[in-house]
Amino acid sequence: MGRVMYRLVVIDDEAIVVEAVKAMITRLGLNYEVVGFAFDGIHGLEAVRQTEPDIVLTDIRMPGLDGLSLIEEAKEFCPDTIFVVISGYTEFEYARRALSMGVKDYIDKPISMEKLKNVLTRIEKDFFQSRDENAGTDGGRAAREGAAQEKMGQLFDESVSAMAEGDAGSFQRCMEQGLDELLKLCENTEDFRREVYKWLCVQSDILTERQPQVSRDGLISYQEIAKKDTNGEILEYARKMIRDIARHIEADKTGSSHATILELLAYIEEYYNRDIGLNELADRVGMSTAYLSVLFKSEVGTSYVKYLTDLRIKHAKKLLKEGYKVSEVSEMVGYNNYRYFCDIFKKCVGKTPNEYKHNY
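Here the structure is a predicted model, which means the values were calculated and not measured.

Colleague: Would you take a moment to explain the packing of helix 2 (residues 41-51) against helix 3 (residues 67-77) for this structure?
Modeller: Helix-helix packing: each pair is described by the crossing angle between the helix axes and the interaxial distance. It is the contact of helix 2 with helix 3, at a shortest axis distance of 10 Å, that shows an interaxial angle of 20°. Considering their axes alone, helix 2 and helix 3 lie roughly parallel with respect to each other. The two elements helix 2 and helix 3 cross, and the hand of that crossing is right-handed. Where helix 2 abuts helix 3, its residues G41, G44, L45, V48 and R49 lie against L70, E73, A74 and F77. Of the residues contributing to the contact of helix 2 with helix 3, the split by class is five nonpolar, two polar and two charged.

Colleague: What am I meant to see in helix 16 (residues 338-349) here?
Modeller: The periodicity of an α-helix, 3.6 residues per turn, causes residues three or four positions apart to be oriented the same way. A rise of 1.5 Å per residue sets the reference length of helix 16, with its twelve residues, at 16 Å; its end C-alpha atoms lie 16 Å apart and thus fit the reference within 8%. What helix 16 keeps buried is the set Y340, F341, C342, I344 and F345. Where helix 16 begins, one side-chain oxygen reaches toward the backbone nitrogen of R339, 3.2 Å away; that side chain belongs to N337. In the stretch just after helix 16, G350 is the one whose phi turns positive, near 90°.

Colleague: How should the pattern of salt bridges be read in this particular structure?
Modeller: Between side chains of opposite charge, a pair can form as their charged atoms come close. A full pass over the atoms with the stated rule returns 18 salt bridges. Notably, a salt bridge pairs K115 with D108, separated by 3.3 Å at the nearest N-O pair. For K115, a relative accessible area of 26% corresponds to the partly exposed category. A salt bridge links E181 to K184; its shortest N-O distance comes to 3.2 Å. Highlighted residues: E181 and K184, both in helix 7 (residues 168-185), separated by three residues, approximately one helical turn.

Colleague: Could you clarify how one ought to interpret the confidence of the model for the chain in this entry?
Modeller: Low pLDDT marks stretches whose predicted atomic positions should not be read closely. Per-chain confidence: the chain averages 82 in pLDDT, with 86% of residues scoring 70 or above. Predicted confidence in the chain is weakest over helix 4 (residues 92-99), with a mean pLDDT of 54, and strongest over strand 1 (residues 6-11), with 95.

Colleague: I keep staring at the pairing of strand 5 (residues 105-108) and nothing clicks. Help me out?
Modeller: Consecutive side chains along a regular strand alternate between the two faces of the sheet. Of the two faces of strand 5, only one is covered, namely that formed by D105 and I107; the face formed by Y106 and D108 stays uncovered. Here strand 4 (residues 82-87) runs beside strand 5; their pairing, made up of four bridges, is parallel. Considered in strand 5, the bridge of V85 is made with Y106.

Colleague: I tried to follow unusual backbone geometry on my own but got confused; where do I start?
Modeller: Most peptide bonds take the trans configuration, and most residues that are not glycine carry a negative phi. For the bond from K109 to P110, the omega torsion is -5°, close enough to zero to count as cis. Mapped onto the elements, P110 comes out in the loop between strand 5 and helix 5 (113-137). The residue E52 is not glycine, and still its phi comes out positive at about 45°. Structurally, E52 is set in the loop between helix 2 and strand 3 (55-59).

Colleague: Whenever I open this one, the pairing of strand 4 confuses me. Can you help?
Modeller: The element strand 4 is extensively covered by neighbouring structure, given that six of its six residues are classed as buried. Taking every second residue as pointing to the same face, both faces of strand 4 are buried, with I82, V84 and I86 on one and F83, V85 and S87 on the other. Pairing of strand 3 with strand 4 involves five bridges; the strand directions are parallel. Following the sheet pairing, V56 is matched in strand 4 by F83.

What counts and what doesn't
- Residues numbered from 1 in each chain as written.
- Predicted model: local features only at pLDDT ≥ 70, side-chain atom pairs only at ≥ 80, totals over all residues.
- Heavy atoms only, no water.
- Axes fitted to C-alpha atoms, helices over the stretch in contact; angles between N-to-C directions.
- Helix = DSSP H or I, 4+ residues; strand = E, 2+ residues; numbered from the N terminus.
- Parallel < 35°, antiparallel > 145°, perpendicular 65-115°, else oblique.
- Left-handed = near helix turned anticlockwise from the far one by under 90°.
- Contact = heavy atoms within 4.5 Å.
- Nonpolar A, V, L, I, M, F, W, Y, C, P; charged D, E, K, R; others polar.
- Expected span 1.5 Å × (residues − 1).
- Buried < 20%, exposed > 50% of the residue type's maximum accessible area, 1.4 Å probe, protein only.
- Polar contact = N/O pair within 3.5 Å; in protein donor to acceptor, adjacent residues only side chain to side chain.
- Salt bridge = Lys/Arg side-chain N within 4 Å of Asp/Glu carboxyl O.
- pLDDT = per-residue confidence, 0-100.
- Pairing = 2+ DSSP bridges.

Dropping the structure here:
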């Protein structure tokens, strides 16, 4: 039997980066093959949709669709794909926030052979090998782990919604359930400690974004959790942190999140035909992209990318009825790629733009 090859898509608006990654993977002789690539987010999303890869390496800031918006939408149809961020941002703070979007790792630019090898080897060891072993020897275990991962994502969304609504009780219940799921997922105390710390860091970041007067350092300490030698001690520490965060939630019920989303909806309505990504919106209101993604879905009932697409298609239908050419409408509603616009329109409306236009 030949070795297992993991399917990889690379997306970056710098062609030299894409070509360099492709060449490095070939030279390194790792268990990866590049099955798709793109130079912007829109084509990148299409490449992911067509190839359904094991792993995607994507830049953050790109024309058409930024990296985190791409990840948010791609997870809808490729929930098992691993995402790694390519970024010029090297701060630990940014890396942790990217992780809270479900990103598994990141590579800072400039990309080197060593950086790429380290990340891909780590991803293979931590995710793909255990997945393949479970599938080969214990399908039930793999299914249980997959269910636990899905449950963690659901609990993350629910905990952020509870925080946004000032519901300290629901927040605590979500977090307690999250700890139970992490116990199922982690094979040893070291893994459990790391995942609990990451889980608490994300929640602490979200709280300090809502309440800038709260010091994150006063909420969670890596030095303290590193001293815990058993799962029981880690659980005790985590529950104390959860109670502390819940007290801050209870003390602050301003409803500011709702006002923030209303402000962003007005902004999107005005500038929907521009290249607006989650990054830009998050910067505009001083939030992390991870928090805004969950908060937007909680308040509006759909993801930001889906909301923007629906808004653009609504305006496109109106313009087509008014007699504009399809190519003109594509540009007018923010799609510089004509073919992509036609594909999206048909997916949403059930007809091509030309078919829709000729029916009116």
